[in-house]
Amino acid sequence: MSNELDMNWLNFGWRLSTGRIAPFTRSLGSLAMNAQRSLHVFVLVAALIGVSGCAASPPSDPAADAAPTTASGEVAPTEPTDMSFASGASLHPDTTITMGDALGSDPDWKEVPSEAPGRWSYERVDDTCAAAFRKGPLGDAGTMTDREASDAVIAATTGWDPASLEPLLNDGAFPRYEDPDAVVDHRQFTYSVNDAGYLIAVRAFASADYSVIVTVECDSGNLEEVARDVLSKTAISIE
């Protein structure tokens with residue numbers, strides 16, 4: 001079975017990468033998020049090793065699959081299954097998390113060939129912007145929350161000092177694949193110099209030992225518009 005499968009997510013041409021990830025070492029060192037808490041050194045990843053086959057889907061339980069109904073027999077509305085930073089703490093260590101995007105079917109973007117497993121990227125057809133995606137095991141996050149671990153990944157990826165970076169970070173959200181009305185919270189950092197701009201959006205799942213990273217770079221002064229488009233076409237699957 002191929003490690004890269006082209007899946008039609010949400011009829012949007014989503015790309016879904018599968019396989020096991022083998023970590024490479026990139027120490028975050030002792031990152032002081034504040035005076036009372038020290039962060040743990042953990043690992044970012046970039047190497048993918050193949051799997052020999054695909055796991056079969058579990059048999060369907062009709063009772064479990066049935067939609068809840070009201071007393072009058074109408075289908076009851078369900079609440080969106082948002083994945084906040086706090087709710088990430090309840091994820092089982094064996095939770096399967098992956099990231100897909102719709103840029104491959106977007107005529108404004110062209111895929112950039114890559115042999116780096118767990119990473120893929122695109123460029124705008126007008127060569128003004130680039131978007132890159134990375135996913136894989138987080139490593140030992142110790143007692144960090146998902147928010148803290150996400151901030152630490154941003155610091156490690158950008159090379160910025162965590163203490164200087166922290167007040168510049170903002171909350172954002174990815175769409176959740178399983179529920180179009182739900183979101184997966186992430187942390188993001190943006191900076192620009194003249195017409196050049198850079199955005200990084202990260203969600204770390206400490207309990208499930210996983211992280212997803214999206215970066216967008218533009219040199220045409222339209223980072224905000226392009227980044228919004230990229231993030232809206234990036235979905236996180238949590239099963």
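These numbers come from a predicted model, not from an experiment.

S.K.: Mind showing me how you'd approach the environment of Ala116 here?
M.R.: Looking at the secondary structure, you find Ala116 in the loop between strand 8 (109-112) and strand 9 (119-124). Taking relative accessible area as the criterion, Ala116 reaches 31% and is therefore assigned partly exposed. For the pair Ala116 and Arg134, spaced 18 residues apart in sequence, the C-alpha separation works out to 9.7 Å.

S.K.: I tried to follow the side chain of Asp106 on my own but got confused; where do I start?
M.R.: One can find Asp106 in the loop between strand 7 (97-101) and strand 8. Of the polar contacts made by the side chain of Asp106, one reaches the backbone nitrogen of Asp108; its length is 2.8 Å.

S.K.: Quick question: what am I supposed to make of the packing of aromatic side chains here?
M.R.: Given two aromatic rings, their pairing is described by the distance between the two centres and the angle made by the two planes. Tallying each qualifying case throughout the model produces six aromatic pairs. Relative to Phe189, the ring of Trp160 lies with its centre 4.9 Å away and its plane at 70°, an arrangement referred to as edge-to-face. On the criterion of sequence distance, the pair formed by Trp160 in the loop between helix 2 (146-158) and helix 3 (162-165) and Phe189 in strand 12 (residues 179-193) is long-range, its members being 29 residues apart. You can call Trp160 partly exposed: its relative accessible area is 34%. Judged by centre distance (5.7 Å) and plane angle (45°), the rings of Phe189 and Tyr191 are tilted. For Phe189, a relative accessible area of 2% gives the class buried.

S.K.: Whenever I open this one, the layout of surface pockets confuses me. Can you help?
M.R.: If you roll a probe as big as a water molecule over the atoms, it shows you where there is empty space left. Taken as a whole, the second largest pocket encloses approximately 150 Å³ of empty space. Taken together, Ala173, Gln188, Thr190, Leu199, Leu223, Glu224, Ala227, Arg228, Leu231 and Ser232 make up the lining of the second largest pocket. For the lining of the second largest pocket, the secondary-structure elements that each account for two or more residues are strand 12 and helix 4 (223-232). Tallying contributions element by element places helix 4 first for the lining of the second largest pocket, with six residues. Partitioned by chemical class, the residues of the lining of the second largest pocket number five nonpolar, three polar and two charged.

About the cut-offs
- Residues numbered from 1 in each chain as written.
- Predicted model: local features only at pLDDT ≥ 70, side-chain atom pairs only at ≥ 80, totals over all residues.
- Heavy atoms only, no water.
- Helix = DSSP H or I, 4+ residues; strand = E, 2+ residues; numbered from the N terminus.
- Buried < 20%, exposed > 50% of the residue type's maximum accessible area, 1.4 Å probe, protein only.
- Polar contact = N/O pair within 3.5 Å; in protein donor to acceptor, adjacent residues only side chain to side chain.
- Phe/Tyr/Trp six-rings, centres within 6.5 Å; stacked < 30°, edge-to-face > 60°.
- 1 Å grid on protein atoms, 1.4 Å probe; cavity = no way out; pocket = protein on both sides within 12 Å on 5 of 7 lines; lining within 4 Å.
- Points joined across faces, edges and corners; volume = space filled by probe spheres on them.
- Nonpolar A, V, L, I, M, F, W, Y, C, P; charged D, E, K, R; others polar.

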